Amino acid sequence: GPKVLQIPSHQIIDMGQMVTLNCDPVSNHLYFYWYKQILGQQMEFLVNFYNGKVMEKSKLFKDQFSVERPDGSYFTLKIQPTALEDSAVYFCASSFGRAQDTQYFGPGTRLLVL
Amino acid sequence: AQSVTQPDARVTVSEGASLQLRCKYSYSGTPYLFWYVQYPRQGLQLLLKYYSGDPVVQGVNGFEAEFSKSNSSFHLRKASVHWSDSAVYFCVLISNTNKVVFGTGTRLQVLP
């Protein structure tokens, strides 16, 4: 089936540094999402993105977070500066239609902030 | 506000046994409901989804789920589980305003 790729699979950084998580969505998909999953806890919605804009974001999507997809390339999540509580697995997803359409998930990027 | 409750954090069954994973939701509108499975170190994979029509929906790998508006439930079932079904299962609700809410997940262990 359709695949979503995420790069890198793991990232370790020092608190206060910037990190960019990359997502290569399914090629004809139009809607993009980021989710956060702290180890052993619930998957939580961060943001969705369509037509170059953030459509909806949750309270977890702090001011230090930003997303973009320049010129149809990777869909990125940038955290600047990072904090200890940002340590989690970040999952990217994409769908052709709105959120109610089937979302295809990537394998996740494991971020550890020291 | 929308919410999803999966009351069983862990379920253990023997291979070949039947399975039900429970999901209750709270939403005033008509929900879009999904079941996703997460295998270790992988992203989520869709098992099935429901919005309208026949309340029993068939999914992949022999899974099915039944929507009940009166009980606000969307329980997942399988007649005979296999050891490879061991994973974490998430019930997900999406509102008609695109709000996505995950349940806390149920970890299924299938004993050989």
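Residues numbered from 1 in each chain as written. Chains lettered and ligands numbered in written order. Predicted model: local features only at pLDDT ≥ 70, side-chain atom pairs only at ≥ 80, totals over all residues. Heavy atoms only, no water.

What follows covers the overall build of chain A. Summing up its helical and strand segments, chain A has 0 helices and 11 strands in all. Overall, chain A shows an N-to-C arrangement of helices and strands of β-β-β-β-β-β-β-β-β-β-β. The globule rule puts the C-alpha radius of gyration for 114 residues at 13 Å, and the 13 Å found for chain A is close to it. Counting only C-alpha atoms, chain A reaches 35 × 25 × 25 Å along its principal axes. Looking at chain A residue by residue over its 114 residues, the buried ones come to 47%. Within chain A, contacts between residues separated by at least 24 positions form 54% of all contacts whose residues are at least 6 apart in sequence. Accessible surface computed for chain A: about 5,700 Å², of which carbon and sulfur atoms make up 53%. The distance from the centre of the 10 positive side-chain charges to the centre of the 10 negative ones in chain A is 4 Å. (Helix = DSSP H or I, 4+ residues; strand = E, 2+ residues; numbered from the N terminus. Rg over C-alpha atoms; globule rule 2.2 N^0.38 Å. Buried < 20%, exposed > 50% of the residue type's maximum accessible area, 1.4 Å probe, protein only. Contact = heavy atoms within 4.5 Å. Areas by Shrake-Rupley, 256 points an atom, 1.4 Å probe, with all protein chains shown as cover. Lys, Arg positive; Asp, Glu negative; His and termini not counted. Charge placed at Lys NZ, Arg CZ, Asp CG, Glu CD.)

Attention now goes to the sheet that holds strand 3 (residues 19-24) of chain A. Residues and elements named next belong to chain A. With antiparallel pairing, 4 strands are arranged side by side in an open sheet as 1-3-8-7. In this open sheet, the two edge strands, each paired with only one partner strand, are strand 1 (5-7) and strand 7 (65-68). With direction set aside, neighbouring strand axes in the sheet form an average angle of 20 degrees. For strand 3 and strand 8 (residues 75-79), the ladder comprises 5 bridges, and the chain directions are antiparallel. Each bridged residue has a counterpart across the sheet, and for T20 the counterpart in strand 8 is K78. (Pairing = 2+ DSSP bridges. Axes fitted to C-alpha atoms, helices over the stretch in contact; angles between N-to-C directions.)

One pass over the structure, following the stated rule, counts 2 disulfides over all chains. C23 of chain A shares a disulfide with C92 of chain A; S-S distance 1.8 Å. Taking the sign of the S-S torsion, about -65 degrees here, the bridge from C23 of chain A to C92 of chain A comes out left-handed. Pair noted here: C23 of chain A is in strand 3 and C92 of chain A is in strand 9 (residues 88-95), with a separation of 69 residues, a long-range link. Each of the two residues, C23 of chain A as well as C92 of chain A, counts as buried. Between the sulfur atoms of C23 of chain B and its disulfide mate C91 of chain B the distance is 2.0 Å. For the disulfide bridge between C23 of chain B and C91 of chain B, the dihedral angle about the S-S bond is near -65 degrees, and by the sign convention the bridge is left-handed. Placement of C23 of chain B in the loop between strand 3 (19-21) and strand 4 (24-26) and of C91 of chain B in strand 10 (residues 87-94) is noted, with a sequence separation of 68 residues between them. (Disulfide = S-S within 2.5 Å.)

It is worth spelling out the nonpolar core at this point. In terms of nonpolar packing, the biggest core is built from 29 residues, with L19, W35, L47, L48, F74, L76 and Y89 of chain B touching the most fellow members. When residues of this core are traced back to their parent elements, those giving at least two are strand 2 (10-14), strand 3, strand 5 (32-38), strand 6 (44-50), strand 8 (63-68), strand 9 (73-78), strand 10 and strand 12 (106-111) of chain B. Ranked by the residues each element gives to this core, the list is headed by strand 10 of chain B, at 4 residues. Excluding its chain neighbours within four sequence positions, the residues that come into contact with L76 of chain B are L19, Q20, L21, W35, L47, L48, F63, E64, A65 and Y89 of chain B. One finds I13, F32, L77 and A88 of chain A within the second-largest nonpolar core, a separate group that totals 22 residues. (Core = buried A, V, L, I, M, F, W, Y, C linked by side-chain atoms within 4.5 Å.)

As a further point, take unusual backbone geometry. Geometrically, the link from I7 of chain A to P8 of chain A is a cis peptide bond, its omega value of -5 degrees lying close to zero. Secondary-structure assignment places P8 of chain A in the loop between strand 1 and strand 2 (10-13). The peptide bond linking Q80 of chain A to P81 of chain A adopts the cis configuration, its omega dihedral lying at -5 degrees. Note on placement: P81 of chain A falls in the loop between strand 8 and strand 9. Of note, S72 of chain B is a non-glycine position whose phi angle comes to about 50 degrees, a positive value. Mapped onto the fold, S72 of chain B is located in the loop between strand 8 and strand 9. For S72 of chain B, a relative accessible area of 24% corresponds to the partly exposed category.

Counting from both sides, the interface comprises 19 residues of chain A and, opposite them, 21 residues of chain B. When the area that chain A buries against chain B is broken down by residue, the three leading residues are Q42, Q100 and F105 of chain A, summing to 32%. Joining chain A to chain B, the criterion identifies 1 salt bridge. In this structure, the salt-bridge partner of D101 of chain A is K49 of chain B, at a minimum N-O distance of 3.9 Å. Of all elements in the fold, only strand 4 (31-37) and strand 5 (43-50) of chain A reach the threshold of two or more residues within the side of chain A that touches chain B. Residue composition of the side of chain A that touches chain B, by class: 7 nonpolar, 8 polar and 4 charged. (Buried area = accessible area lost by both parts, 1.4 Å probe. Salt bridge = Lys/Arg side-chain N within 4 Å of Asp/Glu carboxyl O. Nonpolar A, V, L, I, M, F, W, Y, C, P; charged D, E, K, R; others polar.)

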